[in-house]
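Fold and contact review
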Amino acid sequence: MPELPEVETVCRGLRPVLEGRLLRRVEQRRPDLRFPLPERFVERLTGQRLTRIERRAKFILAHLQGGETLLCHLGMSGRMLLVDDPALPAEKHDHVVLETDEGRQVRFNDARRFGFMDLWPTEGLAQHPMLAPLGPEPLSNSFNGPVLAAALSGRTSSIKAALLDQRVVAGLGNIYVSEALFHAGLSPRRLAGSVQGGRAERLAAAVRDVLIRAIAAGGSSLRDYVQASGELGYFQHAWAVYGREGQACPGCDCEPGAGGGIRRLVQSNRSTFYCPRRQR
C-alpha cells in the first residue's frame, strides 16, 4: 500500500495539472470502488475549479471552489495517471477520469479497487470519519520527541505496532516504520511505552529524516506504485533493512551468516526487517 512519501509524491505531480483548473468533464466508469461513489458524483464535480491539492496522512485532498473537497485514497493498487491526450482510450481499470479546461486528464486506475473517493464539505473536513482519528503529521511542527513520547506512554504493544497505529502518527506504513526504527537504533520488539526521552527524540528525528529522503526519491516503487507521471520511485534502492533479510546492514559490523545480518520477523501478520546487533 502506498505510504506517506508515495502519496506526497503523487500530490506534487497533480498540483501543476489540477490546481487552479476547471473540471470541464468528469467520467465515472463504475458505481463503486471500495465503497460506493458519492451520490451525484459527476454532477458535483463537473464545472468546479480545483483550488488546492494537499495531503493528509495517506489521503489526497483536492479542494473545490464550491466548498467541497474530493478525498482520495489509493488503496493497494490505485494510481493517479496524467494523460495529455484525452483521445487516448481509457484502460480497463481507469475508473474515474477528470478532464480540465486545458484538455489534460487525470485517470484514477485501480485494478484491485481497494481505493476510494468521497466528497465532503471542506469546512468540516477534519470530522470526516477517515480523517478524524488521525494523529499528527510526522513532517509538521506538531510532531517531535515529546509529542511522540506522550502518545506512546503506557502502551504495552511493540513499538512497531504502535507506529503503524495512525492515531499515534499519521501516514506511516510497514516500510518506513522498519527503516525509521533501524536509523533510531530501536528494536521493533521493544515495548512502545518504553520509548521515552532520548529514545523518542531519536525516533521522531529518524521518522522525519526517512520520510524526507523517500519523498526526494519519489517514493518506493513496490508492485503497483508509480508517480503521477508514470515514472517509478526509486527510494527502494536506499532501503537500509526492508526486504534485505540475510544481508549486512549499512554502518554496522554485522556479517551475514552465523546469526549475523538483517533478520526478518512477523508482527501482526506483517514482515519486519531489523538488525539485532544495532537495534535494542
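Quantities reported herein were computed from a predicted structural model and do not represent experimental measurements.

1. As for the sheet that holds strand S6 (residues 94–100)
Sheet strands pair by backbone hydrogen bonding; their relative direction is either parallel or antiparallel. Reading across from one edge, S1-S6-S7-S5 is the order of the four strands in this open sheet, with antiparallel pairing throughout. Two strands bound the open sheet, and with one partner strand each, they are strand S1 (23–28) and strand S5 (79–83). Neighbour to neighbour, the strand axes of the sheet diverge by 15° on average, direction disregarded. As judged from the five bridges shared by S6 and strand S7 (residues 105–109), these two strands associate in the antiparallel manner.

2. Things to note about the packing of helix H1 (residues 4–18) against helix H6 (residues 197–216)
Running from N to C, H1 and H6 cross one another at 40°; their axes reach a closest spacing of 9 Å. With respect to their mutual orientation, H1 and H6 come out oblique. In terms of crossing hand, the pair formed by H1 and H6 is right-handed. Between H1 and H6, the residues in contact are Leu-4, Pro-5, Glu-8, Thr-9 and Arg-12 and Leu-211, Ala-214 and Ile-215, respectively. A class-by-class count of the residues in the contact of H1 with H6 yields five nonpolar, one polar and two charged.

3. Quick word on the sheet that holds strand S4 (residues 68–73)
Here four strands make up an open sheet; going across it, the order is S2-S3-S4-S8 and the pairing antiparallel. Edge strands, defined here as strands with exactly one partner in the open sheet, are strand S2 (50–56) and strand S8 (116–121). Averaged over neighbouring strand pairs, the angle between their axes works out to 20° when direction is ignored. As judged from the six bridges shared by S4 and S8, these two strands associate in the antiparallel manner. Each bridged residue has a counterpart across the sheet, and for Thr-69 the counterpart in S8 is Trp-120.

4. Considering unusual backbone geometry
Notably, Arg-113 is not glycine yet its phi reads approximately 55°, a positive angle. Take Arg-113: it is sitting in the loop between S7 and S8. Classification of Arg-113 as partly exposed rests on a relative accessible area of 32%. One non-glycine residue, Ser-268, lies in positive phi territory at about 50°. Judged by its relative accessible area of 62%, Ser-268 is exposed.

5. Some thoughts on H1
Turn by turn, an α-helix covers 3.6 residues, leaving residues three or four places apart pointing in a common direction. In this model, H1 (15 residues) spans 20 Å end to end at C-alpha, consistent with the 21 Å of a helix rising 1.5 Å per residue. Within H1, burial applies to Leu-4, Pro-5, Glu-6, Val-7, Glu-8, Thr-9, Val-10, Cys-11, Leu-14, Val-17 and Leu-18. Residue Gly-20 follows H1 closely and has a positive phi angle near 85°.

6. Points about the confidence of the model for the protein chain
Here the protein chain averages 90 in pLDDT, and 91% of its residues register 70 or above. Every residue in residues 221–227 is under pLDDT 50, and counting partners more than four places away or in other chains gives 30 contacts.

7. Re the pattern of salt bridges
Evaluation of the coordinates by the stated rule reveals 20 salt bridges. Residues Arg-55 and Glu-137 are paired through a salt bridge, measuring 2.7 Å at the closest nitrogen-oxygen approach. Separated by 82 residues along the polypeptide, Arg-55 in strand S2 and Glu-137 in the loop between S8 and helix H3 (145–152) bring together distant segments of the chain. Like Glu-137, Arg-55 is buried. Asp-165 is the partner of Arg-167 in a salt bridge, and the nearest nitrogen-oxygen pair spans 2.8 Å. Here Asp-165 falls in the buried class, since its relative accessible area comes to 14%. In the salt-bridge network here, residues are joined through shared partners; they are Glu-8, Arg-12, Arg-15, Arg-55, Arg-56 and Glu-137.

Cut-offs used in this document
- Along every chain, residues carry numbers that run from 1 in the direction the sequence is written.
- Reporting in this predicted model follows two pLDDT cut-offs: at least 70 for local features of residues, and 80 or more for side-chain atom pairs to be given and counted; totals over whole chains, interfaces and linings ignore these cut-offs and use all residues.
- Heavy atoms throughout the structure, all of them, feed into the side-chain values; hydrogens and water do not.
- At least two DSSP bridges between two strands are required for those strands to pair.
- Segments assigned H or I by DSSP are reported as helices when at least four residues long, segments assigned E as strands when at least two residues long, and all are numbered from the N terminus.
- Angular values range over 0 to 180 degrees, each being the angle between N-to-C directions of two axes fitted as lines to C-alpha atoms, with helices fitted over their stretch in contact.
- Should an angle fall under 35 degrees it is taken as roughly parallel, and over 145 as roughly antiparallel, whereas 65 to 115 is taken as roughly perpendicular and any remaining angle as oblique.
- Note: crossing handedness is left-handed where the near helix turns anticlockwise from the far helix by less than a right angle, and right-handed where it turns clockwise.
- In this analysis, two residues are considered to be in contact whenever any of their non-hydrogen atoms come within 4.5 Å of each other.
- Side-chain classes are defined by residue name, with Ala, Val, Leu, Ile, Met, Phe, Trp, Tyr, Cys and Pro counting as nonpolar, Asp, Glu, Lys and Arg as charged, and the others, Gly among them, as polar.
- Partly exposed describes any residue whose relative accessible area lies between the buried limit of under 20% and the exposed limit of over 50%, with all areas from a 1.4 Å probe on protein chains only and scaled to the type maximum.
- Expected span of a helix, by definition, is 1.5 Å for each gap between consecutive residues, and there is one gap fewer than residues.
- Confidence scores labelled pLDDT are given residue by residue by the predictor and lie between 0 and 100.
- Salt bridge, as used here, is a side-chain nitrogen of Lys or Arg placed within 4 Å of a carboxyl oxygen of Asp or Glu.

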